[in-house]
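Below are the chains, spelled out letter by letter.
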Amino acid sequence: MPLPGIRQIRLVAASQLVAFALAFTLPPRDSFAEIAIGGITTHSTYGATITGTITAQDAKRIVELEKRGARLKLVRLDSSGGDVIAAMTIGRILRKNGGIVLVEEDDICASACVLIIAGGVVRSIHGKVLIHRPYSQGTDTAGQDLAAWDKKMKSFRKKVDAYLSEMNVSVGLADAMWAISPENSRALTRAERDNFLLSESDSSYDDYRSTQDARKYGLTKQEYLRRYKIVTERCAEYAKQPFINT
């Protein structure tokens, strides 16, 4: 599946996206549950499109590929959510691999899907990101009173908080999620995504990349960052020109 809108992605990620987007242009070698796996490249990296409901089987499939040496590096998301634990498993794998997440203009990433966004070290979000309070999937409360159920839900909340902190995303995102009932949902604004540290790229990744680049060009970190700011501002202005179409 070709990826539209690549020109919109932040320039710092462009070189990586060119390499991994090739996986999406190949016929899928495999598919499992709601995940379409793209072709595995010579560097043992692969792309995936995650749609529909995220399940434990989806996470299991990716874990199996990782065990075989394949590395998930690029994920396109268009999902209504699903299993929170599975989403966090996929997000952790994505972060470990220094992966990129895409939500294209016509795509929606809702509920548990947002936790996969958090796992990307580079995040390109142009579609809608919807949040609401996570909820238990089962329908049986046998043997559990309200106090026991409350304890279970608080433990669940702690796992989500810990995950977001691990991904360098503000736990304020969890506060916002828990404030909205499951039968409702709300789209995050760009300002909210920025405030929750969910936009663009991970802070540790940014510092790691800029440290490597400063050394590569023989610059101090301060001088590299000064030049990087100038370059990105000029490139952004250049990209606004009407004759730029790639």
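Check the entry above for the structure.
In this text, all values refer to a predicted model and were calculated from it rather than measured experimentally.

This paragraph deals with the side chain of Ser79. Take Ser79: it is sitting in strand S4 (residues 71-82). Judged by relative accessible area, which is 2%, Ser79 ranks as buried. Polar contacts involving the side chain of Ser79 include one to the main-chain carbonyl oxygen of Gly52, which spans 2.6 Å. Leaving out residues up to four positions away in the same chain, Ser79 has contacts with Ile50, Thr51, Gly52, Ile54, Ile108, Cys109, Ala110 and Cys113.

Below, the discussion takes up the state of the cysteines. Per the counting criterion, the structure on display carries one disulfide. Through a disulfide, Cys109 is tied to Cys113; the S-S separation comes to 2.1 Å. The disulfide joining Cys109 to Cys113 has a torsion of about -115° about its S-S bond and is therefore left-handed. Accessibility classification places Cys109 together with Cys113 in one group, the buried group.

Turning our attention to the packing of helix H3 (residues 84-96) against helix H5 (residues 146-166). Orientation of H3 relative to H5, taken along the N-to-C sense of each, is 15°, at an axis distance of 11 Å. As far as their axial angle goes, H5 and H3 are roughly parallel. H5 is crossed by H3, and the crossing has left-handed handedness. The residues of H5 that touch H3, namely those facing Val84, Ile85, Ala87, Met88, Gly91, Arg92 and Arg95, are Phe156, Lys159, Val160, Tyr163 and Glu166. Residue composition of the contact of H3 with H5, by class: seven nonpolar, one polar and four charged.

Two numbers describe a pair of packed helices, the interaxial angle and the distance between the axes. It is the contact of helix H8 (residues 203-216) with helix H9 (residues 221-239), at a shortest axis distance of 9 Å, that shows an interaxial angle of 105°. Between H8 and H9, the angle falls in the class roughly perpendicular. Listed contacts from H9 to Asp207, Arg209, Ser210, Thr211, Asp213 and Ala214 of H8 are Lys221, Tyr224, Leu225 and Tyr228. When grouped by side-chain class, the residues that make up the contact of H8 with H9 number four nonpolar, two polar and four charged.

What you see with strand S7 (residues 122-125) is no split at all: Val122 and Ser124 on one side and Arg123 and Ile125 on the other are buried throughout. Where strand S5 (residues 100-103) meets S7, four bridges bridge the pair, whose relative direction is parallel. Residue pairing across strands places Leu102 opposite Ser124, the latter belonging to S7. Relative to strand S10 (residues 200-201), S7 runs antiparallel, the two being bridged by two bridges.

With that settled, consider the pattern of salt bridges. Counted according to the given criterion, the structure contains 17 salt bridges. The closest approach of N and O atoms between Asp206 and Arg209, which form a salt bridge, is 3.5 Å. Within this pair, Asp206 and its partner Arg209 are both found in helix H8, separated by three residues, close to a single helical turn. Judged by relative accessible area, Asp206 falls into the partly exposed class, the value being 22%. Connected via shared salt-bridge partners are Glu66, Arg71 and Lys96.

Between its first and last C-alpha atoms H5 spans 30 Å; for 21 residues at 1.5 Å apiece the expected length is 30 Å, and the two agree. By the burial criterion, the buried members of H5 are Trp149, Phe156, Val160, Tyr163 and Leu164. Seen end-on, H5 carries its buried residues on one side only, within an arc spanning 100°. Exposed side of H5, more than 90 degrees from the buried face: Ala147, Lys151 and Lys158 are the residues found there. Next to the buried residues of H5 lie H3, helix H4 (113-119) and helix H6 (172-178). Of the residues flanking the start of H5, the one acting as N-cap is Asp145, its side-chain oxygen 3.3 Å from the backbone nitrogen of Ala147. Phi for Asn168, located one or two positions after H5, is positive at around 65°.

Rules behind the numbers
- Residues numbered from 1 in each chain as written.
- Predicted model: local features only at pLDDT ≥ 70, side-chain atom pairs only at ≥ 80, totals over all residues.
- Heavy atoms only, no water.
- Helix = DSSP H or I, 4+ residues; strand = E, 2+ residues; numbered from the N terminus.
- Buried < 20%, exposed > 50% of the residue type's maximum accessible area, 1.4 Å probe, protein only.
- Polar contact = N/O pair within 3.5 Å; in protein donor to acceptor, adjacent residues only side chain to side chain.
- Contact = heavy atoms within 4.5 Å.
- Disulfide = S-S within 2.5 Å.
- Axes fitted to C-alpha atoms, helices over the stretch in contact; angles between N-to-C directions.
- Parallel < 35°, antiparallel > 145°, perpendicular 65-115°, else oblique.
- Left-handed = near helix turned anticlockwise from the far one by under 90°.
- Nonpolar A, V, L, I, M, F, W, Y, C, P; charged D, E, K, R; others polar.
- Pairing = 2+ DSSP bridges.
- Salt bridge = Lys/Arg side-chain N within 4 Å of Asp/Glu carboxyl O.
- Expected span 1.5 Å × (residues − 1).
- Arc of directions from axis to C-beta.

Just distances and angles here, no functional claims.
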